[in-house]
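# Summary of structural features
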Amino acid sequence: MASPMRSLLTDPARYLQSFRLFLEKSTEHQSMREFMEKQLPTLIASIGNGKSTINILSVGGGAGEIDLLILSKVQARYPGVTINNDVIEPSADQIFKYKERVAETSNLENIKFTWHEETAYEYESRMNAEKKSKKWDFIHMIQMLYYVKDIPATIRYFHSLLEAQAKLLIILVSGTSGWETLWKKYGSSFPLNDLCTYISSADLRRMLDSAGLKYQFYELPSHMDITSCFTEGNKDGELLLDFLTETQTITFADAGDILFAAGLLVTRTIRCFHP
């Protein structure tokens, strides 16, 4: 009998609903903001040296909350310098919210925003078809490698677009997190359908070592309150469980075992790559 479960990504509206609830119930963005405040200024200290324009590429920019924080740090390090900020984001809804956020934010006069409603693969294919290979001073890929079919090829492509002294920043689940435990133990039961890949920093490290790429990494702890997942019929709990498993319609009869394996501690890993 076919599994009643299907990938959460087949329902974009529910995915965004569950994602926003995840942000509300977790310290995900707080941990990222702390990293951007304390670590990012040092990492971007050389990307714009001697340049009148800094080119930044956001791959999977979402609604722009973290993007704008990154841009504020670049502005602070290079005051008055023109910034071209291109965003690759397949969700029209997220792009709309990103544009709203930009319109409501002050001190962005020296930043030019360009949005591309497409996936990373579609962007690469379009650039190749147009025989373009624009170089970038800073590229960031925040929580998006899970939705790439060929992760090593994607990393190689965007790494090849880096200027001298440029940086590639990747944020994804840590190989020592509850997410990793959950996905490794139960991932084979989830309906991926080529829409999602359960990858962690441990997997990524093996890929980078195999490709001979140098990298630095930072581990940042974050937590998520999953109490509602254990209350039968709780709508928030159902949404959070959907997000944890990237799956719709998983039964609560299975939820106890799965979430016990996940635990309460969620750790995301931030990796900074050099050309």
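Before reading on, note that the structure itself is shown above.
Structure report, in brief. Just so it is clear, the structure is predicted and the values come from calculations on it, not from any experiment.

## Points about the overall build of the chain
- Looking only at helices and strands, the chain features eleven helices and nine strands.
- By residue count, 52% of the 275 residues in the chain fall in the buried class.
- Looking at the chain alone, contacts between residues at least 24 apart form 82% of all its contacts between residues at least 6 apart.

## A look at the packing of aromatic side chains
- All chains considered together, the criterion is met by seven aromatic pairs.
- Here the aromatic rings of Y98 and F113 are separated by 6.2 Å at their centres, their planes lie at 70 degrees, and the arrangement is edge-to-face. Of this pair, Y98 sits in helix 5 (residues 92-103) while F113 sits in strand 4 (residues 111-116), placing them 15 residues apart in sequence. An identical accessibility class is assigned to Y98 and F113; each is buried.

## Considering the packing of helix 2 (residues 28-38) against helix 4 (residues 65-77)
- Relative orientation of the contacting elements helix 2 and helix 4 amounts to 10 degrees, with a least axis distance of 10 Å. With respect to helix 4, the axis of helix 2 lies roughly parallel. Between helix 2, through H29, M32, R33, M36 and E37, and helix 4, the contact on the second element is made entirely by E65, I66, L69, I70 and K73.
- Taken together, the residues of the contact of helix 2 with helix 4 break down into five nonpolar, one polar and four charged.

## Quick word on the pattern of salt bridges
- Tallied over the entire structure, the rule returns eleven salt bridges.
- Put simply, K51 and D137 hold a salt bridge, and the shortest N to O gap is 2.1 Å. One end of the pair, K51, is in the loop between helix 3 (40-43) and strand 2 (53-59); the other, D137, is in strand 5 (residues 136-142), with 86 residues separating them in the sequence.
- In this structure K51 comes out as partly exposed when scored by relative accessible area, which is 29%.
- Looking at D137, the relative accessible area reads 3%, which means it is buried.
- Put simply, D203 and R206 hold a salt bridge, and the shortest N to O gap is 2.5 Å. Here R206 and D203 lie together in helix 9 (residues 201-211), a separation of three residues that amounts to about one turn.
- The exposure class assigned to D203 is buried, which follows from its relative accessible area of 12%.

Rules and cut-offs
- Residues numbered from 1 in each chain as written.
- Predicted model: local features only at pLDDT ≥ 70, side-chain atom pairs only at ≥ 80, totals over all residues.
- Heavy atoms only, no water.
- Helix = DSSP H or I, 4+ residues; strand = E, 2+ residues; numbered from the N terminus.
- Buried < 20%, exposed > 50% of the residue type's maximum accessible area, 1.4 Å probe, protein only.
- Contact = heavy atoms within 4.5 Å.
- Phe/Tyr/Trp six-rings, centres within 6.5 Å; stacked < 30°, edge-to-face > 60°.
- Axes fitted to C-alpha atoms, helices over the stretch in contact; angles between N-to-C directions.
- Parallel < 35°, antiparallel > 145°, perpendicular 65-115°, else oblique.
- Nonpolar A, V, L, I, M, F, W, Y, C, P; charged D, E, K, R; others polar.
- Salt bridge = Lys/Arg side-chain N within 4 Å of Asp/Glu carboxyl O.

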